[in-house]
Amino acid sequence: MALYITGHKIPDSDSICSAIAVAYLKNELGIEAIACKQGEINPETAFILEKFDLETPITKTSYAGEDAFITDTTDLALCPDDILDANVLGVVDHHKLGDLTTSTPLEAWIRPVGCSNTIVKEMFDFYGVEIPKDIAGIMLCAILSDTVIFKSPTCTKADTKAVKELAQIAGIENPKELGMEMFKIKSAVEGTAIRDLVMRDFKDFNMSGTKVGIGQLEVVDLSIFDAMKEDLLKDLETLKSEGERHSVLLLLTDIMQEGSELLISSDDASKIEEAFDMKSADSKMWLDGVLSRKKQIVPFLEKVFKN
Ligand code: MG
Ligand code: MG
Ligand code: MG
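Quick caveat, the model's predicted, so the values are computed rather than measured. (Residues numbered from 1 in each chain as written. Chains lettered and ligands numbered in written order. Predicted model: local features only at pLDDT ≥ 70, side-chain atom pairs only at ≥ 80, totals over all residues. Heavy atoms only, no water.)

(A) Here's a closer look at the environment of S103. Relative to the helices and strands, S103 resides in the loop between strand 5 (87–93) and strand 6 (107–110). Residue class for S103 comes out exposed when judged on its relative accessible area of 65%. For the pair S103 and I272, spaced 169 residues apart in sequence, the C-alpha to C-alpha distance is 37 Å. (Helix = DSSP H or I, 4+ residues; strand = E, 2+ residues; numbered from the N terminus. Buried < 20%, exposed > 50% of the residue type's maximum accessible area, 1.4 Å probe, protein only.)

Following this line, the structure appears as structure tokens:
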């Protein structure tokens, strides 16, 4: 029986690249493993896979009765819907510990670093398996993406060390330059449907029983959103009315200014204001220095929804 490796719903580069890298490692260790994804890849990931000439993982959304290995999340809301009916044999993640449980013992690689691929690098080192050039390249790109080219407060020494070592293997002289190239691709949002932008990097969170959806768009210049902000806000409202979410938020992150504008649609916006101790104006607020959803947004909201 093959082992299926998958990252979270609405996959980002870390989810895709970690699934490919872990699948390669498992195969080297004699376990038949297949890299999977739970949804379509984003333009940044497409750029990365094309650059290193690697195939896109297969799409697989049902895992009941199968052996599975989860990367880049342990939140049930972001795992395949039937994951509790699967045999989860392992996880590798760098987020808060989620609510995924298993029926059998598992290997758990969880650490507070900037990217799952940094931990995957440690897995290769642990098993003494050499990382091929192309896989080193995509792992490096995933780390640059998740750490916003080392600027995110989630970035650790382990991440910069991993990038250094992976760059050597992949033959990349200037990782930061490659990172900027990636973020420019990410910033090309014009001509994309508003809903696609809202959903591009969107995650649902269960906050003490309250469902909160948070999207994030990271760009090199926030002004590209000037003409679309009202449409984005309107779509957040529509999205909220379509489901059972209490709040739908969109984080517009300027990686050069190093801060984010938060667009808010909420049944009770005072909760959001309380979380960040700030008043919103026209359903927007500027959060200076905020780059990370997992470290600078989610914990503050969870605290408010706990009360
Ligand atoms: Mg991710
Ligand atoms: Mg990640
Ligand atoms: Mg991210």
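Moving on, there is more to tell.
(B) Spotlight on the coordination of the magnesium ion (ligand 2). Coordination of the magnesium ion (ligand 2) by the protein is provided by D14 (OD), D72 (OD), H94 (NE2) and D146 (OD), with metal-donor distances spanning 2.1 to 2.3 Å. Site description for the magnesium ion (ligand 2): donor spacing in sequence, D-x57-D-x21-H-x51-D. The class for D14 is buried, based on a relative accessible area of 0%. (Donors = N, O, S within 2.8 Å, 3.2 Å for Na, K, Ca; no water.)

(C) Expanded view of the domain arrangement of the protein chain. Assigned domains of the protein chain: these are domain 1 (3–184) and domain 2 (194–306). In this assembly, 17 residues from domain 1 lie in contact with 18 residues from domain 2. Buried area between domain 1 and domain 2, summed over both chains or domains, comes out near 1,800 Å², and the portion from carbon and sulfur atoms is 65%. Seen at the junction of domain 1 and domain 2, the total is one salt bridge. Notably, a salt bridge pairs E258 with K151, separated by 3.7 Å at the nearest N-O pair. Where domain 1 packs against domain 2, one counts three residue pairs in polar contact (both at pLDDT 80 or more). Across the side of domain 1 that touches domain 2, the residue classes tally to eight nonpolar, six polar and three charged. (Domains from an automatic or database assignment. Contact = heavy atoms within 4.5 Å. Buried area = accessible area lost by both parts, 1.4 Å probe. Salt bridge = Lys/Arg side-chain N within 4 Å of Asp/Glu carboxyl O. Polar contact = N/O pair within 3.5 Å; in protein donor to acceptor, adjacent residues only side chain to side chain. Nonpolar A, V, L, I, M, F, W, Y, C, P; charged D, E, K, R; others polar.)

(D) Up close: the sheet that holds strand 8 (residues 210–219). In spatial order, the strands read 7-8-9-10-11; together these five strands make up an open sheet with mixed pairing. The open sheet is flanked by strand 7 (202–207) and strand 11 (284–288), the only strands paired with a single partner. Geometrically, the sheet is characterised by an average inter-axis angle of 25° between neighbouring strands, direction not taken into account. Relative to strand 8, strand 7 runs antiparallel, the two sharing six bridges. Within strand 8, the position partnered with F202 by the bridge is G215. Here helix 8 (residues 229–242) sits on the sheet and contacts strand 7, strand 9 (247–254), strand 10 (259–266) and strand 11; the angle it forms with strand 10, its principal contact strand, is near 45°. With respect to the sheet, helix 9 (residues 269–276) is in contact with strand 9, strand 10 and strand 11, its orientation differing from that of strand 10 by roughly 155°. (Pairing = 2+ DSSP bridges. Axes fitted to C-alpha atoms, helices over the stretch in contact; angles between N-to-C directions.)

(E) Looking closely at the nonpolar core. Core analysis: the largest hydrophobic core is formed by 48 residues, its most contacted members being I5, I48, V92, V120, F124, M139 and L140. Taken together, the elements giving at least two residues each to this core come down to strand 1 (3–6), helix 1 (13–28), strand 2 (33–37), helix 2 (43–51), helix 3 (116–127), helix 4 (133–146), helix 5 (157–170) and helix 6 (175–187). The element that contributes the greatest number of residues to this core is helix 4, accounting for nine residues. When near neighbours in sequence (up to four residues on either side) are disregarded, V120 contacts S18, A21, V22, V92 and M139. (Core = buried A, V, L, I, M, F, W, Y, C linked by side-chain atoms within 4.5 Å.)

(F) Seen up close, the packing of aromatic side chains. Overall, the coordinates contain six aromatic pairs when judged by the stated rule. Centroid distance Y24 to F124: 6.3 Å. Interplanar angle 20°. Geometry classified as stacked. Remark: F124 occurs in helix 3 and Y24 occurs in helix 1; sequence separation between them is 100 residues. The class for F124 is buried, based on a relative accessible area of 0%. When the ring of F126 is compared with that of Y127, the centres are 5.0 Å apart and the planes differ by 90°; the resulting orientation is edge-to-face. In this structure F126 comes out as exposed when scored by relative accessible area, which is 59%. (Phe/Tyr/Trp six-rings, centres within 6.5 Å; stacked < 30°, edge-to-face > 60°.)

(G) A look at the coordination of the magnesium ion (ligand 1). The protein atoms donating to the magnesium ion (ligand 1) are H8 (NE2), D12 (OD) and D72 (OD), with metal-donor distances spanning 2.0 to 2.3 Å. Mapping the donors of the magnesium ion (ligand 1) onto the primary sequence gives the spacing H-x3-D-x59-D. Here the magnesium ion (ligand 1) and the magnesium ion (ligand 2) are spaced 3.4 Å apart, with D72 acting as a shared donor. The class for H8 is buried, based on a relative accessible area of 0%. D12 gets classed as buried once you look at its relative accessible area, which sits at 12%.

(H) Main features of the sheet that holds strand 1. Spatial strand order, 3-2-1-4-5-6: six strands in an open sheet with parallel pairing. Edge positions in the sheet fall to strand 3 (58–59) and strand 6, since each has one partner strand and no second. Two elements, strand 1 and strand 2, share four bridges in a ladder whose sense is parallel. Bridge assignment links L3 to a residue of strand 2, and that residue is A33. This element, helix 1, spans strand 1, strand 2, strand 4 (67–71), strand 5 and strand 6 of the sheet and lies at about 175° to strand 2.

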